[in-house]
Amino acid sequence: MYQSPRRLCSALLQRDASGLRRLPTPGLRRQSPPPAAAPRPAPRLLAAASAASGAARSCSRTVCPMGNGTSRLYSALAKTLSSSAASQHPEYLVSPDAEHLEPIDPKELLEECRAVLHTRPPRFQRDFVDLRTDCPSSHPPIRVMQWNILAQALGEGKDNFVQCPVEALKWEERKCLILEEILAYHPDILCLQEVDHYFDTFQPLLGRLGYQGTFFPKPWSPCLDVEHNNGPDGCALFFLQNRFKLVNSANIRLTAMTLKTNQVAIAQTLECKESSRQFCIAVTHLKARPGWERFRSAQGCDLLQNLQNITHGAKVPLIVCGDFNAEPTEEVYKHFASSSLNLSSAYKLLSADGQSEPPYTTWKIRTSGECRHTLDYIWYSQHALRVRSALDLLTEEQIGPNRLPSFNYPSDHLSLVCDFSFNEEEPDGLL
Ligand SMILES: NC(=O)C1=CN([C@@H]2O[C@H](COP(=O)(O)OP(=O)(O)OC[C@H]3O[C@@H](n4cnc5c(N)ncnc54)[C@H](OP(=O)(O)O)[C@@H]3O)[C@@H](O)[C@H]2O)C=CC1
Ligand SMILES: [Mg+2]
């Protein structure tokens, strides 16, 4: 039975004594609206991001609505920019001008987001649950965020969130809610699904915040069927360049029973600059919908096999983030829980017995009715890594009667955030 956490660590942005995090208290905590009369400066950083990616944007804007050849070209372009050739040449993953981009101040970007969102209701406060205060670590933790951010084209054109007003989905504001959430928790590693604004929003902005990003679009993204789409959706993986060095990267098109599928994953081996320790981080988004359980299971087996190879038979610690589109009762969950990679699901640690997944990670209302499911997970090598804390989920009351997305939460999936450290008591190789 899932219960509320016992020990709450109220510091939304608080980190270990390292003092690495110096972000201001974010808008998430504000319970009263900001003063009304102050003039609002034009959003300089947000506008610059869109302008900087004009080429990619105009490419996608010329796309004919129904996923024609131009859409495929966009998809091919995206794939080229994050191609598997990068496995051998990691430097190719950095877009050519990334190092020359002017860094931006996260406080300034947060202020711009708040200004854009000034008519929106206050955002929810979520607390980190302190899970292992007794576990010593000589290095700052690694903060990982898993989030299906909801593709703009799907949210507006396919998902049928019948209780969500269309104004709540306006991209110019919804993107600020997404950015605000990322800035609030400031993850070292960000694993996203349903990203259909990589080139015009996330890559330029997160790049200037110090992240290195990789995008792998779905081969036949359903976004391309939506009128005025912004290109295909896919998985994106970002990590802070001042904390990690990229060792290896693989873009994986998942197979099911030897057939290539429409689902993808990105797996990267990173080296921590502080400790010189290596680990693998992967992000995926498995096939959605009921009736596809065996297909998801096969995709999961393929991903596990790929990760076996990438981690040299579990010799490298592993973190796998994903929207698995599968409840814990499904076969694919069981494959992950019992694999020889020795993985455990981090969010189980929030339950009273440490054995139960949260009651939901996504909650929406479609024409078919209410959909409340646990589908999103952060798996980790349970002997090599420790979960120091995890971000609590929203309560039913906070989510509200119309569920998600809403005016104060941008996606139908909740973000999951964990702080990991290496288990320094564990001998290398026993993962
Ligand atoms: N032209 C071609 O030859 C081909 C085209 N396609 C295109 O790909 C699409 C299927 O892609 P695929 O990746 O398998 O899609 P999925 O079934 O995996 O779903 C795609 C998205 O739909 C969302 N979704 C889940 N349930 C529902 C629902 N009940 N109503 C609306 N949206 C939902 C999912 O969100 P979440 O994960 O959050 O639940 C997911 O992001 C087709 O619609 C087609 O357009 C596919 C193959 C070939
Ligand atoms: Mg979705």
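As the structure is a prediction and not an experimental result, all values here were calculated from the model.

Conventions we followed
Residues numbered from 1 in each chain as written. Chains lettered and ligands numbered in written order. Predicted model: local features only at pLDDT ≥ 70, side-chain atom pairs only at ≥ 80, totals over all residues. Heavy atoms only, no water. Helix = DSSP H or I, 4+ residues; strand = E, 2+ residues; numbered from the N terminus. Buried < 20%, exposed > 50% of the residue type's maximum accessible area, 1.4 Å probe, protein only. Contact = heavy atoms within 4.5 Å. Areas by Shrake-Rupley, 256 points an atom, 1.4 Å probe, with all protein chains shown as cover. Phe/Tyr/Trp six-rings, centres within 6.5 Å; stacked < 30°, edge-to-face > 60°. Lys NZ or Arg CZ within 6 Å of the ring centre and 35° of its normal. Near = heavy atom within 4 Å. Polar contact = N/O pair within 3.5 Å; in protein donor to acceptor, adjacent residues only side chain to side chain. Nonpolar A, V, L, I, M, F, W, Y, C, P; charged D, E, K, R; others polar. Disulfide = S-S within 2.5 Å. UniProt positions renumbered as here; feature names shortened; annotations may be inferred. Pairing = 2+ DSSP bridges. Core = buried A, V, L, I, M, F, W, Y, C linked by side-chain atoms within 4.5 Å. Axes fitted to C-alpha atoms, helices over the stretch in contact; angles between N-to-C directions. Parallel < 35°, antiparallel > 145°, perpendicular 65-115°, else oblique. Left-handed = near helix turned anticlockwise from the far one by under 90°.

**Some thoughts on the overall build of the protein chain**
Step number 1: On a plain count of helices and strands, the protein chain comes out with 10 helices and 16 strands.
Step number 2: A total of 431 residues make up the protein chain; the buried ones form 59% of that total.
Step number 3: Contacts in the protein chain between residues far apart in sequence, at least 24 positions, make up 80% of those at least 6 positions apart.
Step number 4: Accessible surface, the protein chain: about 17700 Å² in total, of which carbon and sulfur atoms supply 53%.

**Considering the packing of aromatic side chains**
The relation between two aromatic rings is expressed through the spacing of the ring centres and the mutual angle of the planes.
Step number 1: What the rule picks out here adds up to 20 aromatic pairs.
Step number 2: Measuring from ring centre to ring centre gives 5.6 Å for Phe 244 and Phe 279, while their planes differ by 75°; the resulting arrangement is edge-to-face. Residue Phe 244 is located in strand 7 (residues 244-256), and its partner Phe 279 is located in strand 9 (residues 278-285); the two are separated by 35 residues in the primary sequence. With respect to class, Phe 244 is no different from Phe 279; both count as buried.
Step number 3: Taking 6.1 Å as the distance between ring centres and 70° as the angle between the ring planes, the aromatic pair formed by Phe 279 and Phe 422 counts as edge-to-face. Within this pair, whereas Phe 279 is found in strand 9, its partner Phe 422 is found in strand 16 (residues 416-422), the two being separated by 143 residues in sequence.
Step number 4: Take Phe 279: its relative accessible area is 1%, and that puts it in the buried class.
Step number 5: Cluster of aromatic residues (ring-pair linked, three or more members): Tyr 198, Phe 199, Tyr 211, Phe 215 and Phe 238.
Step number 6: In this structure, Arg 372 is placed above the aromatic ring of Trp 363, and the distance from its NZ or CZ to the ring centre is 5.2 Å.

**A few points about the site of ligand 1**
Step number 1: Inspection of the region around ligand 1 gives 20 residues, with Glu 194, Lys 218, Asp 225, His 285 and Lys 287 positioned closest.
Step number 2: Here Asp 159 contributes a side-chain N or O atom positioned 3.3 Å from a nitrogen atom of ligand 1.
Step number 3: Within the side chain of Arg 289, one N or O atom sits 2.8 Å away from an oxygen atom of ligand 1.
Step number 4: Residues belonging to the shell around ligand 1 are distributed by class as follows: four nonpolar, six polar and 10 charged.

**What about the side chain of Asp 127?**
Step number 1: In this structure, Asp 127 sits in the loop between helix 4 (106-116) and strand 2 (128-130).
Step number 2: You can call Asp 127 buried: its relative accessible area is 17%.
Step number 3: Reaching out from Asp 127, the side chain makes a polar contact with the side chain of Gln 125 at a distance of 2.9 Å.

**Description of the state of the cysteines**
Step number 1: Inspection of the entire model under this criterion finds zero disulfides.
Step number 2: Its sulfur unpaired, Cys 418 is 7.9 Å from the next cysteine sulfur, which belongs to Cys 321.

**Focus: the side chain of Arg 296**
Step number 1: You can see Arg 296 is positioned in helix 8 (residues 293-310).
Step number 2: Arg 296 sits in the buried class, given a relative accessible area of 2%.
Step number 3: There is a polar contact of 3.0 Å between the side chain of Arg 296 and the side chain of Glu 330.
Step number 4: Filtering out sequence-adjacent residues up to four positions away, Arg 296 remains in contact with Leu 286, Lys 287, Ala 288, Arg 289, Phe 324, Asn 325, Ala 326, Glu 330 and Val 332.

**A word on the UniProt feature "domain: Endonuclease/exonuclease/phosphatase" (unreviewed entry) in the protein chain**
Step number 1: The UniProt record annotates "domain: Endonuclease/exonuclease/phosphatase" (unreviewed entry) at residues 145-413.
Step number 2: Summarising residues 145-413: 23% helix, 34% strand, and an end-to-end C-alpha distance of 12 Å.

**As for the pairing of strand 7**
Step number 1: By the bridge criterion, 11 bridges tie strand 7 to strand 8 (residues 259-272) in an arrangement that is antiparallel. Bridging across to strand 8, Asn 251 finds its partner in Ile 266.
Step number 2: What sits between strand 7 and strand 8 in their antiparallel hairpin is a turn of two residues, with Met 257 showing a positive phi close to 50°.

**Here we look at the nonpolar core**
Step number 1: One finds Ile 189, Phe 202, Phe 279, Ile 281, Ile 319 and Phe 420 to be the most contacted residues of the largest nonpolar core, which totals 79 residues.
Step number 2: Ranked by residue count, the leading element in this core is helix 6 (residues 171-185), at nine residues.
Step number 3: The residues touching Ile 319, leaving out its near neighbours within four places in the chain, are Val 144, Phe 279, Cys 280, Ile 281, Ala 282, Ile 378, Trp 379, Tyr 380, Leu 385 and Phe 420.
Step number 4: In this structure, Ala 265, Leu 286, Leu 307 and Val 332 belong to the second largest nonpolar core, which totals 24 residues.

**Observations regarding helix 4**
Step number 1: For helix 4, the set of buried residues is Leu 109, Leu 110, Glu 112, Cys 113, Arg 114 and Ala 115.
Step number 2: Backbone nitrogen of Lys 107 and a side-chain oxygen of the N-cap are separated by 3.0 Å at the start of helix 4; the cap is Asp 105.

**Structural notes on the sheet that holds strand 7**
Step number 1: On the basis of which strands lie adjacent, the open sheet formed by six strands has the order 7-8-9-10-14-11 and mixed pairing. Whereas interior strands pair on both sides, the edge strands pair on one side only; in this sheet they are strand 7 and strand 11 (343-345). Recorded for the sheet is a direction-independent mean angle of 20° between the axes of neighbouring strands.

**Some details on the packing of helix 4 against helix 6**
Step number 1: Close contact between helix 4 and helix 6 brings their axes to 9 Å; oriented N to C, the two are set at 140°. Compared by their axis directions, helix 4 and helix 6 come out oblique. You can see that helix 4 and helix 6 cross each other, and the crossing is left-handed. Contacts between helix 4 and helix 6 involve Pro 106, Leu 109, Leu 110, Cys 113, Arg 114 and Val 116 from the former and Glu 172, Glu 173, Cys 176, Leu 179, Glu 180 and Leu 183 from the latter.

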